[in-house]
Amino acid sequence: ASNGQGNNGYASNGQGNDGYANGGYAGNEYAQGYAQGYAEAEGTDDVLATYGGDVQMARQGGLAPAPEDFERKDHIAGGTRPYLRTDTPAYRVAQRYSAAVLYYSLGGPGWNSGRYWLEPGVHECDFVGIVCEDVVIPALTLAEALASDGLPDDVRGVVERVVVAVDLPENGLRGEIPREIAGLPMLGRLNLWSNEISGTIPSQIGTLNNLATVKLDDNLLTGYVPSDLGRLSSVRDLSLSLNPGIQGRIPAELGDMSSLESLDLGGMGLRGAVPTALGRLENLTRLYLQNNRLGGTLPDEYGVLSGLEELVLSGNGFVGGVPASWSGLRNLRRLELQFNDLEANLDREGFCSMMRTGRDGRFGRDEVGGQYNAGGQLDVLVADCGAGGRVRCDCCTRCAGLD
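Residues numbered from 1 in each chain as written. Predicted model: local features only at pLDDT ≥ 70, side-chain atom pairs only at ≥ 80, totals over all residues. Heavy atoms only, no water.

A. Molecular detail of the state of the cysteines. Scanning the model with the defined rule gives four disulfides in all. Here Cys352 pairs with Cys395 through a disulfide, and the sulfurs are 2.0 Å apart. Between Cys352 and Cys395 the disulfide shows an S-S torsion of about -90°. By sign, it is left-handed. Linking Cys352 in the loop between strand 20 (344–345) and strand 21 (357–359) with Cys395 in the loop between strand 24 (391–392) and strand 25 (398–399), this pair joins segments that are 43 residues apart in sequence. Taken individually, Cys352 and Cys395 each receive the classification buried, so the pair is uniform in this respect. (Disulfide = S-S within 2.5 Å. Helix = DSSP H or I, 4+ residues; strand = E, 2+ residues; numbered from the N terminus. Buried < 20%, exposed > 50% of the residue type's maximum accessible area, 1.4 Å probe, protein only.)

Next comes the structure, spelled out in structure tokens:
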């Protein structure tokens, strides 16, 4: 791991072709630089020593572990066992390597809590913030991986503890998310919110097909929203909000995230029109785009999002009216349109009929305690119906003024 500090965070022995060795096993190129660096054990297959801590090179005449280090007590799992060996599945080696790169790339020694990270004898699944499950993976060794262009048809499976979640929110992380995170192919949850992570979002995250939750909000990220995120068809919750350094347009490819239920892109530097492709997200229940520099007209296509419950578009530069099709969003509970340049009559366009309760007899229902059942689900409706606004809305729960 200490050697990983040189060469911009990549082990010097793993260099080659921009930090990664040629070829790959099972489509995972990120293990290759790691495997290649340790595969130079000068005529011996003792590529990886069974040292109880991180991997050590076992070169003839070079750094080799003392005999007593070949087996150490694992004080997390209990018992004595060898650690990484030459017959360790390559997927497991890639996992260890990815965790080590993540630690150093995000300033691990300065974290609020980094218990057990890279400590001798501790499995990476026991690092604080790491969650693992027993998964059957190919029993392909390092030597076999280096000699193969792909996954052999007859490879057997072996049960290993595999990383399925990285939960390190509010932990003082500083630095950039490394592209080697793609070496955790079973990752289902990435929670790194409320840290001081900088740099861009690596496009390699788009290769993690098992991701269901990605929360990178409230950091110092810059650049653009990668279009590669659209490949994540299993993600249900994506939050990149409160990263004002992320600019550019919302990529239309996000409309391909077919499982998406919550999309939070509020408080960023996004501009341009919102893509109509988001209207394809039939499972979407929450959409937050507030406090950006978005503009243009509101998409009529969003009127088919029948499951939508919260839609917050305040603090942008939207113009024109509010699509009449939106009045058919019968599950909508919260709609915020304030601080835009909209001009509309929400009373006449049917939005008041979406309210759960109405006041002052405006809906022609029988009065009960000063309120009226309007038949909808909408509890919060906010628009520019105050001083200087050009929206008519007698049923709004709050009117914002532009003067």
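B. Structural detail: the packing of aromatic side chains. Here the structure, examined in full by the defined rule, presents six aromatic pairs. Centroid distance Trp111 to Trp117: 5.1 Å. Interplanar angle 85°. Geometry classified as edge-to-face. By way of ring pairs, the aromatic residues Tyr103, Tyr104, Trp111, Trp117 and Phe127 are connected into one cluster. (Phe/Tyr/Trp six-rings, centres within 6.5 Å; stacked < 30°, edge-to-face > 60°.)

C. Region of the structure containing the environment of Leu190. Looking at the element boundaries, Leu190 is found in strand 6 (residues 189–191). Given the relative accessible area of 1%, Leu190 is considered buried. Setting aside residues up to four positions removed in sequence, Leu190 forms contacts with Val166, Ile181, Ile205, Leu211, Thr213, Val214, Lys215 and Leu216. (Contact = heavy atoms within 4.5 Å.)

D. How the structure looks around the confidence of the model for the protein. Averaged over all residues, the pLDDT of the protein is 78; the fraction at 70 or higher stands at 72%. Every residue in residues 1–82 scores below 50 in pLDDT, and together they form 166 contacts with partners more than four places removed in sequence or on other chains. Low pLDDT, under 50, characterises residues 360–372; the predicted model gives this stretch 26 contacts beyond four residues in sequence or across chains. (pLDDT = per-residue confidence, 0-100.)

E. Molecular detail of the sheet that holds strand 3 (residues 130–138). The strand order across the open sheet built from 11 strands is 3-4-6-8-10-12-14-16-18-23-25, with neighbouring strands paired in mixed fashion. The outermost strands of the open sheet, each flanked by one partner alone, are strand 3 and strand 25. Summarising the sheet, strand 12 (residues 262–264) and strand 14 (residues 286–288) pair through three bridges and their orientation is parallel. Residue Leu263 lies in a different strand from strand 14, and its bridge partner there is Leu287. Sheet strands touched by helix 2 (residues 90–105): strand 3 and strand 4 (157–167). Its angle to strand 4, the strand with the most contacts, is close to 20°. (Pairing = 2+ DSSP bridges. Axes fitted to C-alpha atoms, helices over the stretch in contact; angles between N-to-C directions.)

F. Layout of the sheet that holds strand 15 (residues 293–297). Pairing within the open sheet is parallel, and its six strands lie in the order 9-11-13-15-17-19. Across the chains shown, the open sheet's two edge strands, defined by having one partner strand only, are strand 9 (222–224) and strand 19 (341–342). In this structure, strand 13 (residues 269–272) lies alongside strand 15, joined through two bridges in parallel fashion. If you follow Arg271 over to strand 15, its bridge partner there is Arg293.

G. Inspection of the environment of Glu309 at higher detail. Along the polypeptide, Glu309 turns up in the loop between strand 15 and strand 16 (310–312). The partly exposed category is assigned to Glu309, whose relative accessible area is 32%. Considered as a pair, Glu309 and Leu378 are 69 residues apart in the sequence and their alpha carbons are 8.5 Å apart.

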